[in-house]
Amino acid sequence: MNLQTTDKPPRLPSVDQLLQTLGDEIEIHGRAQLTACVRAELAAAREGVRGGLPLPGVDALLGAIRRRAREAGRARLREVFNLTGTVLHTNLGRAQLSETAIAAMVDAARAPCALEYDLDSGGRGDRDELIAPLLAEVAGGDALECSATVVNNNAAAVLLALDTLARGKEAVVSRGELVEIGGAFRVPDIMRRAGARLVEVGTTNRTHAHDYAEAVTGRTALLMKVHTSNYAVVGFTKSVGEDEVAAIAHARGLPLLVDLGSGTLTDLSRWGLPKEPTPAESLAAGADLVTFSGDKLLGGPQAGLIIGRRDLIAKIKKNPLKRALRVGKTTLAALEATLRLYRDPDRLAERLPTLRLLARPAEQIAAVAARLQPPVQAALGSRATVAVRPCTGQIGSGALPVEQLASFALCVQVPGKRPGRALAALDAGFRSLPVPVIGRIANDAYWLDLRCLEPADEARFVAQLGGLR
Ligand SMILES: *Cc1c(COP(=O)(O)O)cnc(C)c1O
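Residues numbered from 1 in each chain as written. Predicted model: local features only at pLDDT ≥ 70, side-chain atom pairs only at ≥ 80, totals over all residues. Heavy atoms only, no water.

Some points on the nonpolar core
Okay, step 1: Counting residues in each nonpolar core, the largest one holds 58 residues, and the members touching the most others are Leu135, Leu223, Ile307 and Leu339.
Okay, step 2: The element that contributes the greatest number of residues to this core is helix α6 (residues 132–138), accounting for five residues.
Okay, step 3: Residue contributions to this core reach at least three from each of two domains, namely domain 2 (81–90 + 357–467) and domain 3 (132–328).
Okay, step 4: Sequence-distant contacts of Leu339, that is, excluding residues within four places in its chain, are made with Ile131, Leu134, Leu135, Val138, Leu265 and Leu298.
Okay, step 5: Grouped together as the second largest cluster of nonpolar side chains are 32 residues, Ala171, Val173, Ile181 and Leu289 included. (Core = buried A, V, L, I, M, F, W, Y, C linked by side-chain atoms within 4.5 Å. Buried < 20%, exposed > 50% of the residue type's maximum accessible area, 1.4 Å probe, protein only. Helix = DSSP H or I, 4+ residues; strand = E, 2+ residues; numbered from the N terminus. Domains from an automatic or database assignment. Contact = heavy atoms within 4.5 Å.)

This is the structure we're talking about:
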């Protein structure tokens, strides 16, 4: 089809002419979307001509329209390869869900489900009750005395607990535990938002039992301990154990609230990982309420879990703020399926991606690196040298901040004394692949930590490397 007449000066084809030529693409993108892309490209071409550029040919125009339509049709929330070395990367979505959790989410999304419907009585049910007994079971709480509730994330859990128990009153926290978590979660700020007055005790490095005891007044609502999840105070330090703080609180008729942050449900040392506190330990030590995240070491969906004393949980559930912070059916479905996996610890590392990735032996990662070095080197050609190197990664999301995970990486180096710009270009190149690859620049090299590249994804990773040229 000839869209340009020969006897008049060349001009751009009309919207209709272009749409006709694009025929099949209407099926893919929809008429409205494709028309918008045609108009946008025509406008860009006119703008270009005004700026002195030549009139684009029809083929160039059609190509640009197709690219624009494809780009517009692509989801903004995109899959990436997380080769940063940080397993629970907050900016990359934290925990990858297990297959059973994914299946449960899909089922809950697709069909009506008994979210708040009691199938025995036919009356109204309680969405928290889908999870509470199971959580008490796998988190090691006493099922009779223990109850639980689920909200949007752990920040919401802390906010809700403080708002319910300490609004208009005082909450006592050690100065060494006034943490800030990435993404603007700060204990003093949350406290203020919850209408509680923060009473700081001790010093940054040392807090004693008598500091807590002396801080309690008639206005005190609770004592709080916060797991210092993303830093460590080392050297001349002293902190007071949960059991001691609980005893001080209980002697005065007050509850102890513990924000555990990550809160794994199992002893990670079984998989060669450093130990992280569990809700069971906090509850056994006397904590009345424990809060933790669903998508950190637990390996589930984004959620905040509050587990503890039945009467306090009941109070929390009556707070109108709970209604505003509650989670939806897909989250609960994924959470339930994730918690079920903990019933079979022997197969947990196989089924729970978070644990599987964290527990992956360094030799296995080294083997991945050895397999991928040749194709990555081939894709980069003479622009860079690719070597297999040992490196250290992190668990991430504040869990075990000072612990490092021994891993292996492809270390990409570029020639020249000041490689900064070339490395930035390399980084951008990997990020612009169909499934963007997220690595990191450190020590004058570009690093791809292969801990999170599982065997099933290796072929997909390699297949797209041609796009780097
Ligand atoms: C991560 C963390 C939070 C925030 O949890 P989110 O689930 O990200 O809202 C709060 N407190 C501690 C100690 C944490 O580690």
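Notes on empty space enclosed by the protein
Okay, step 1: One pass over the structure, following the stated rule, counts one cavity of 30 Å³ or more.
Okay, step 2: Taken as a whole, the largest cavity encloses approximately 40 Å³ of empty space.
Okay, step 3: Ranked by residue count, the leading element in the lining of the largest cavity is helix α16 (residues 353–358), at three residues.
Okay, step 4: Residue composition of the lining of the largest cavity, grouped by class: seven nonpolar, three polar and no charged. (1 Å grid on protein atoms, 1.4 Å probe; cavity = no way out; pocket = protein on both sides within 12 Å on 5 of 7 lines; lining within 4 Å. Points joined across faces, edges and corners; volume = space filled by probe spheres on them. Nonpolar A, V, L, I, M, F, W, Y, C, P; charged D, E, K, R; others polar.)

Brief notes about the site of the ligand
Okay, step 1: All residues adjacent to the ligand are Arg94, Asn153, Asn154, Ala155, Ile181, Phe185, His227, Ser229, Asp259, Gly261, Ser293 and Lys296.
Okay, step 2: According to the grid-proximity analysis, the pocket containing the ligand is the largest pocket.
Okay, step 3: Listing elements by their share of the shell around the ligand, those giving two or more residues are α7 (154–166) and β8 (256–261).
Okay, step 4: Residues belonging to the shell around the ligand are distributed by class as follows: three nonpolar, six polar and three charged. (Near = heavy atom within 4 Å. Sits in = over half its atoms within 2 Å of the grid points.)

Some thoughts on the domain arrangement of the protein chain
Okay, step 1: With domains assigned, the protein chain is organised as domain 1 (15–73), domain 2 (81–90 + 357–467) and domain 3 (132–328).
Okay, step 2: One C-alpha centre belongs to domain 1, the other to domain 3, and the line joining them spans 56 Å.

Brief notes about helix α17 (residues 362–380)
Okay, step 1: Between its first and last C-alpha atoms α17 spans 25 Å; for 19 residues at 1.5 Å apiece the expected length is 27 Å, and the two agree.
Okay, step 2: At Leu372, α17 is bent by approximately 35°, the largest bend along its length, and proline Pro374 sits one to four residues beyond.
Okay, step 3: At its buried positions, α17 is contacted by β11 (385–393), β12 (405–413), α18 (420–431) and α19 (455–463).
Okay, step 4: Phi turns positive, to about 60°, at Gly381, one or two residues after α17. (Expected span 1.5 Å × (residues − 1). Bend = angle between axes of the 7 residues up to and from the residue.)

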